[in-house]
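# Summary of the model geometry
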Amino acid sequence: MPNENNPNPENPQPPQPPKPRAPRSDQDQVIANDITDAQQVIETAKTDAELKPLLEDKGYDAAEMDKGAVLQSAAQAAYNGRQKASGKQKEATALAIAVEKSARVTYSDFRETARALYAEEADVAKLGLKGKVPADLQKFITAARASYSGAKDEPYASRLAKRGFKPADNANAEAQLKALATADAEQETAIADAQQATKERDAAYEALMAWMNEFKRIARVALRDKPTLARKLKLQR
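Residues numbered from 1 in each chain as written. Predicted model: local features only at pLDDT ≥ 70, side-chain atom pairs only at ≥ 80, totals over all residues. Heavy atoms only, no water.

## Quick word on the overall build of the protein chain
Looking only at helices and strands, the protein chain features eight helices and zero strands. Written out in order from the N terminus, the α and β elements of the protein chain read α-α-α-α-α-α-α-α. Every one of the 237 residues in the protein chain was classed for burial, and the buried ones make up 32%. Residue pairs at least 24 apart in sequence account for 72% of intrachain contacts in the protein chain once pairs closer than 6 positions are excluded. (Helix = DSSP H or I, 4+ residues; strand = E, 2+ residues; numbered from the N terminus. Buried < 20%, exposed > 50% of the residue type's maximum accessible area, 1.4 Å probe, protein only. Contact = heavy atoms within 4.5 Å.)

## Concerning unusual backbone geometry
Residue Glu154 is joined to Pro155 through a cis peptide bond whose omega torsion reads 10 degrees. Within the fold, Pro155 resides in the loop between helix H5 (137–151) and helix H6 (156–162). Even without being a glycine, Lys234 presents a positive backbone phi close to 55 degrees. By secondary structure assignment, the location of Lys234 is in the segment after helix H8 (227–232).

## Observations concerning the confidence of the model for the protein chain
Considering every residue of the protein chain, the mean pLDDT works out to 92; 89% of them sit at 70 or more. Low pLDDT, under 50, characterises residues 1–15; the predicted model gives this stretch eight contacts beyond four residues in sequence or across chains. (pLDDT = per-residue confidence, 0-100.)

## Notes on the nonpolar core
Judged by nonpolar contacts, the single largest core of 28 residues is most densely connected at Leu55, Met212, Phe215, Leu223 and Leu233. When residues of this core are traced back to their parent elements, those giving at least two are helix H1 (24–47), helix H2 (51–56), helix H3 (62–117), helix H7 (167–222) and H8. A total of nine residues in this core trace back to one element, the largest contributor, which is H7. With residues up to four places along the chain from it excluded, the contact list for Leu55 reads Ala45, Tyr60, Phe215, Ala219 and Leu233. Within the second largest apolar cluster, 22 residues are counted, among which are Phe140, Ala144, Tyr148 and Phe165. (Core = buried A, V, L, I, M, F, W, Y, C linked by side-chain atoms within 4.5 Å.)

## Examining the packing of aromatic side chains
Inspection of every chain in the model, using the stated rule, returns ten aromatic pairs. Ring plane angle 90 degrees and centroid distance 5.8 Å describe the contact between Tyr60 and Trp211, whose orientation is recorded as edge-to-face. Of this pair, Tyr60 sits in the loop between H2 and H3 while Trp211 sits in helix H7, placing them 151 residues apart in sequence. In this structure, Tyr60 and Trp211 share a single accessibility class: buried. Measuring from ring centre to ring centre gives 5.4 Å for Phe110 and Tyr148, while their planes differ by 75 degrees; the resulting arrangement is edge-to-face. One end of the pair, Phe110, is in helix H3; the other, Tyr148, is in helix H5, and 38 residues separate them in sequence. Like Tyr148, Phe110 is buried. (Phe/Tyr/Trp six-rings, centres within 6.5 Å; stacked < 30°, edge-to-face > 60°.)

Right, dumping it as structure tokens:
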């Protein structure tokens, strides 16, 4: 039997996908705009001679407006802090990616060289040449460190040096792994800091918007028959 949701049951309609969420950059811009608008509205409400008595009659005296100004300042500071933390996180991530790429290329070259020289199972095991290079970062670092450590021993060190992987190259490869571990740790710290800064930004923004929403609703009542004054507080619907 047809129904209003599906008038043709023999040709069922696919479920509608949920509306996509706004990109983070769009959300950030909305927040930035709201914080800036709040500053302008609060400043106008505090200084405009025509608005002040009408708003004071609704309880928005100097002390109450100062509460809004404090919330706006806190939201602006939290927004600035989040932007700074986000920038640091992006820098740390870019560095970690670059360092990992370089370390993997070095290790790949080492493995190719070592595999060309050694095929016996004992040698392959000693130099960590079995299987694929781990995709997981921590496992990769562990595997590469073990390979480079084994390559320091004789007879491997001399033979590898003859084919281009000298002791200095081994030392550089180990230094790359150390730099990679450091870059990864710094990236994780930066990510955590950015997440915390986002929570703080969102909390400060929500507190400001709660105050602003109440203020604007009351201001609309106070300025119902005064559209010119309402426009000063951006109360146009």
